[in-house]
Amino acid sequence: MDNRKKIAVIGATGSIGTQTLDIIAGHPDIYRATVISAGSKVDRLIELARRHRPQLAVIADTALYARLREALAPLGIETAAGPEALAAAVTRDDVDTVVTATVGYSGLVPTVSAIRAGKDIALANKETLVVAGEYINRLLEDSASKVYPVDSEHSAIYQCLVGEDPASVRRLIITASGGPFRQWARGRIATAKACDALKHPNWSMGAKITVDSATMMNKAFEIIEARWLFGVDASAIEAVVHPQSIIHSMVEFRDGAIKAQLGCPDMKLPIAYALGEAGRLDGVEAPLTLDRLATLTFEKPDYERFPCLTLARHALDRGGNTACIINAANEIAVAAFLRDRIGFYDIYDLIEKSLGHIPFIAEPSFDDYVTTNSETRAYAESLINVN
Ligand code: NAD
Ligand code: MG
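Worth saying up front: this structure is predicted, and the values here are computed from it rather than measured.

Scoring rules and cut-offs
Residues numbered from 1 in each chain as written. Chains lettered and ligands numbered in written order. Predicted model: local features only at pLDDT ≥ 70, side-chain atom pairs only at ≥ 80, totals over all residues. Heavy atoms only, no water. Donors = N, O, S within 2.8 Å, 3.2 Å for Na, K, Ca; no water. Helix = DSSP H or I, 4+ residues; strand = E, 2+ residues; numbered from the N terminus. Buried < 20%, exposed > 50% of the residue type's maximum accessible area, 1.4 Å probe, protein only. Core = buried A, V, L, I, M, F, W, Y, C linked by side-chain atoms within 4.5 Å. Contact = heavy atoms within 4.5 Å. Salt bridge = Lys/Arg side-chain N within 4 Å of Asp/Glu carboxyl O. Axes fitted to C-alpha atoms, helices over the stretch in contact; angles between N-to-C directions. Left-handed = near helix turned anticlockwise from the far one by under 90°. Nonpolar A, V, L, I, M, F, W, Y, C, P; charged D, E, K, R; others polar.

Asker: Sorry, what's going on with the coordination of the magnesium ion (ligand 2) here?
Answerer: Perfect tetrahedral coordination of a metal by four donors corresponds to 109.5 degrees between them, and perfect octahedral coordination by six donors corresponds to 90 or 180 degrees. Protein coordination at the magnesium ion (ligand 2): the donors are D151 (OD), E153 (OE) and E222 (OE), at 2.1 to 2.3 Å from the metal. For the magnesium ion (ligand 2), the donor residues sit on a single chain with the sequence spacing D-x1-E-x68-E. Of this pair, D151 sits in the loop between β7 (147-149) and α7 (152-161) while E222 sits in helix α11 (residues 217-230), placing them 71 residues apart in sequence. By relative accessible area, D151 is classed as buried at 7%. Assessed through its relative accessible area of 1%, E222 is described here as buried.

Set out below in structure tokens:
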């Protein structure tokens with residue numbers, strides 16, 4: 001009997017997706033990739049399917065289906081297309097764990113579908129918890145599925161919490177690299193282009209999260225993500241800038257002790273830890289040679305130069321669909337910034353305007369999240385088209 005854990009990697013062609021497939025391929029005795037998917041990079045998906053031989057490959061963009069089917073049918077690999085097919089793929093019997101490595105709002109529906117089917121989640125797609133964290137937690141109460149964080153900061157916190165009483169946690173301290181503009185003056189940041197924002201000092205990641213790191217929206221999202229993952233009040237979660245990205249995050253306990261998890265800036269470790277349900281594999285990451293570590297430094301984040309960071313507290317204090325509005329406006333704004341259509345601080349302005357325009361819903365249903373997302377995107381697009 002094949003006892004290997006069966007993994008669905010959604011967003012397989014991206015930064016987290018390909019690193020996940022590498023880990024699976026490196027441990028063929030314990031893992032098997034059974035489902036892989038991509039948004040629109042069909043040729044890359046075909047290449048990955050040839051190499052990893054899943055049961056099923058799904059492309060979200062239906063226009064690319066014929067190409068996928070023609071390439072993979074001769075290999076006996078099933079194919080499907082469209083968001084509904086993706087939501088169904090993660091519920092299959094040949095899936096134990098779903099790695100959510102898609103970017104943005106597109107992670108929400110497949111994650112909900114996987115939780116309803118009782119599958120475990122290795123959660124990279126933080127936007128799922130940003131958009132609908134409260135809803136996801138309610139779903140988890142009635143499901144056998146467990147969520148294991150892939151985000152390095154949340155993996156660090158998870159590792160620090162092993163063996164601890166959750167009631168003894170005083171504070172979560174989330175570290176931030178500070179991004180490429182950490183030492184730039186506000187006036188210079190205002191002129192930054194996509195090519196500047198894409199030069200992240202420590203991490204190599206997809207374009208959207210790299211821009212989110214430059215605006216520090218990524219850290220705001222991670223505060224929201226931590227609130228729903230660990231059930232800690234927003235007032236007890238803070239961000240600290242730590243430019244070396246060696247300490248991945250920390251937990252302070254009520255007796256004053258602080259635990260930290262350290263390592264090289266490499267996503268392989270948190271991915272492998274999540275895949276293994278918080279168990280450890282041999283030699284995932286290069287050893288951190290402490291004697292060669294020069295210094296670890298910490299700075300307070302600058303809310304004036306990085307106003308997006310203020311949005312975490314606003315989203316959690318106001319609750320409801322607030323974070324869903326912020327996420328949708330941010331996605332549209334970042335896409336426009338990447339095409340050099342808007343400036344760096346226009347990202348924050350578009351989010352602010354969207355928050356002022358889109359109706360607040362205190363207790364959103366799932367359909368309310370869907371509507372809030374589409375209405376906010378349309379509104380943010382309309383603002384860009386005017387400019
Ligand atoms: P990426 O842009 O490199 O890859 C995104 C993947 O999602 C691709 O496979 C793409 O084809 C797929 N995709 C895009 N739009 C889609 C859609 N509409 N439907 C279905 N699939 C779609 O992104 P990434 O950097 O790997 O990040 C993925 C997620 O992981 C993000 O939520 C990000 O915040 C989170 N994350 C990434 C890192 C990192 O190091 N890259 C670290 C922490 C968290
Ligand atoms: Mg992170």
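On we go from here.
Asker: Would you mind going over the nonpolar core with me for this structure?
Answerer: Grouped burial of nonpolar side chains is what soluble globular proteins tend to show. In this structure, L172, F181 and I351 are the most contacted members of the largest nonpolar core, which totals 90 residues. Broken down by element, this core gets its largest block of residues, 10 residues, from helix α14 (residues 322-338). When near neighbours in sequence (up to four residues on either side) are disregarded, L172 contacts I157, A226, F230, V232, A236, I237, E238, M250 and V251. Grouped together as the second largest cluster of nonpolar side chains are 34 residues, I7, I16, I36 and I77 included.

Asker: What is the right way to read the pattern of salt bridges from this model?
Answerer: Side chains carrying opposite charge are able to pair once their charged atoms draw close together. Inspection of every chain in the model, using the stated rule, returns 22 salt bridges. A salt bridge links D94 to R92, with the nearest nitrogen and oxygen atoms 2.8 Å apart. Of the residues examined, D94 reaches a relative accessible area of 15% and is grouped as buried. The partner of E127 in a salt bridge is K208, and the shortest N-O contact between them spans 2.8 Å. With E127 in helix α6 (residues 127-141) and K208 in helix α10 (residues 207-215), this pair connects stretches of sequence that are 81 residues apart. Neither E127 nor K208 differs from the other in exposure class; each is buried. Each of K126, D151, E153, K219 and E222 takes part in salt bridges that share partners, so that together they form one network.

Asker: Teacher, can you tell me more about the packing of α7 against α11 here?
Answerer: Packed helix pairs are characterised by how far apart their axes lie and by the angle those axes make with each other. One way to put it is that α7 packs onto α11 with a least axis distance of 10 Å and a crossing angle of 35°. The element α7 and its partner α11 pack so that their crossing is right-handed. Taking contact as the criterion, the partners of E153, H154, I157, Y158 and L161 in α7 are, on α11, K219, E222, E225, A226, L229 and F230. Counted by class, the contact of α7 with α11 contains six nonpolar, one polar and four charged residues.

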